[in-house]
Amino acid sequence: MDREVKKLIEAERGRQSKTINLIASENYVSKNVSAALGSVFVNKYAEGYPKARYYAGNEIVDALEELAGKRARKLFALSSSRWDVNVQPYSGSPANLAVLHALLPEGSKVMAMALGMGGHLTHGSKVSVTGRLWEQVPYGVDRLSEEIDYGELLHIALIERPNMIIAGGSAYSRVVDFKKMRMIADEVKALLFVDMSHFAGLVAGKAYPSPFPYADIVTTTTHKTLRGPRSAIIFSKKEYTPAVRKAVFPGLQGGPHMNQIAAVAVALAEAATPSFSRYANQVIKNAQALSEELHRLGWRIVSGGTDSHLFLVDVMSRGFSGGVAGDRLEKIGVVLNKNMIPFDERKPSDPSGIRIGTAAVTTRGMKEKEMKAIARIVSQGILKKDVADAKKTVDALCEKYPLR
Ligand code: DSN
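So, here is what we can say about the structure in this document. These numbers were taken from a predicted model, which means no experiment stands behind them.

1. A few points about the site of the ligand
Neighbouring the ligand are Ser25, His120, Ser170, His198, Lys224 and Arg355. Within the side chain of His198, one N or O atom sits 2.7 Å away from an oxygen atom of the ligand. Interatomic distance of 2.7 Å between a side-chain N/O atom of Arg355 and an oxygen atom of the ligand. Classifying every residue of the shell around the ligand by side-chain character gives no nonpolar, four polar and two charged.

2. Some thoughts on helix α10 (residues 258–271)
Across its 14 residues, α10 extends 20 Å between first and last C-alpha, which sits within 8% of the 20 Å expected from 1.5 Å per residue. For α10, the tally of buried residues reaches eleven of 14 residues, placing the bulk of the element in the interior. Looking at the buried residues of α10, the elements they touch are α2 (31–37), α3 (59–75), α8 (200–204), β10 (232–237) and α11 (274–296).

3. A word on the side chain of Thr122
Considering the arrangement of structural elements, one finds Thr122 in the loop between β5 (109–113) and α5 (129–133). For Thr122, a relative accessible area of 7% gives the class buried. Side-chain polar atoms of Thr122 contact the side chain of His120, separated by 2.7 Å. When neighbours within four sequence positions are excluded, Thr122 is seen to be in contact with Ser93, Asn96, Leu100, Ser128 and Thr130.

4. What about the packing of aromatic side chains?
Evaluation of the coordinates by the stated rule reveals ten aromatic pairs. Between Tyr54 and Phe249, the ring centres sit 5.9 Å apart and the planes meet at 55°, which makes this aromatic pair tilted. Residue Tyr54 is located in the loop between β3 (52–53) and α3, and its partner Phe249 is located in helix α9 (residues 241–252); the two are separated by 195 residues in the primary sequence. Relative accessible area serves as the criterion here: at 62%, Tyr54 is assigned to the exposed category. The structure contains a cluster of three or more aromatic residues connected by ring pairs, namely Phe76, Trp83, Phe212 and Phe235. The cationic tip of Arg143 hangs over the ring face of Phe343; the distance from NZ or CZ to the ring centre is 4.0 Å. Arg318 extends its terminal NZ or CZ atom over the ring of Trp299, reaching a point 4.3 Å from the ring centre.

Basis of the calculations
- Residues numbered from 1 in each chain as written.
- Predicted model: local features only at pLDDT ≥ 70, side-chain atom pairs only at ≥ 80, totals over all residues.
- Heavy atoms only, no water.
- Near = heavy atom within 4 Å.
- Polar contact = N/O pair within 3.5 Å; in protein donor to acceptor, adjacent residues only side chain to side chain.
- Nonpolar A, V, L, I, M, F, W, Y, C, P; charged D, E, K, R; others polar.
- Helix = DSSP H or I, 4+ residues; strand = E, 2+ residues; numbered from the N terminus.
- Expected span 1.5 Å × (residues − 1).
- Buried < 20%, exposed > 50% of the residue type's maximum accessible area, 1.4 Å probe, protein only.
- Contact = heavy atoms within 4.5 Å.
- Phe/Tyr/Trp six-rings, centres within 6.5 Å; stacked < 30°, edge-to-face > 60°.
- Lys NZ or Arg CZ within 6 Å of the ring centre and 35° of its normal.

This is how it looks when you write it as structure tokens:
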């Protein structure tokens, strides 16, 4: 193997194995997912869709793409007469762009959670191309409960009459009430698009409500709680499928990455097992244990807790910015990301919060007891208190729960 790259791969493996990973959007894939990702499918060009390609030699990749679609439908209990699955998006951002491109005339209104409130860039945020092509009607959370106020959402929707409403984001810890979102969408005749990228694995493991009974269209990345390779899937109700297919290819993408699709297929089968369901439930129990212990140690948890794999800590409530907290933690071997909290008065480059997720540490086998230890490490790391002791605990946990 290329020596320089090998050295970097080994260095990265070392970093990952010696680090407590609390980044809510990361996880560790299985050896079988990695093997599929590094398979001969990497060599194949397959522009088009199964049985309608622009290159020769696609009999086997057709079977692969169909297998991935079939597994995705089975995992989320979707009937093939009602739902189509598109496994070609390269990642979450292109998937979301494809959905908007397919279903919304330029300039129309898309109502979505504001980025600073826990939403996602590709939901029409100003700094994303989605914010240039479509007009975002932002919604947020209630100032006191820091949870979505569905009455307020309905009020905004009735005034703004958006063409589409997006549910889901990247830093909202609570269960989203999809039924209420559907009612609001129906009230203003908007499409309901759910981006379940963060919690897809929890839905697959039946640990979080499914958006499918209510949504018109659903996207997910496959590498967060779903524990697959970096990729994405679009699920569309049949009436929207032709437009979505065209938007993905040839609208926005060229040939699909078939090795990625092979790895997604492997991950989807893994996510359908009883052990994955236990994993998904443990991810949430771990997030709850970690947030409760941090709260006990004096840290303010946004919305007071979590129903999912992630939560936000308002570190500014004790005088630390998210940037400072993140840097201090990285020094003792804990990685996470700084994050805006609702109604944040600081800038995204150095906001008031940090985001914590438990998908990765749960994959390593850690449970509630270890979450309490991690809470103490996080607290000591930010406060710069007993740092040597905290670092020792990080090393001990990493050794006891190695990467698979
Ligand atoms: N950047 C991802 C996250 O961390 O949530 C979402 O795209």
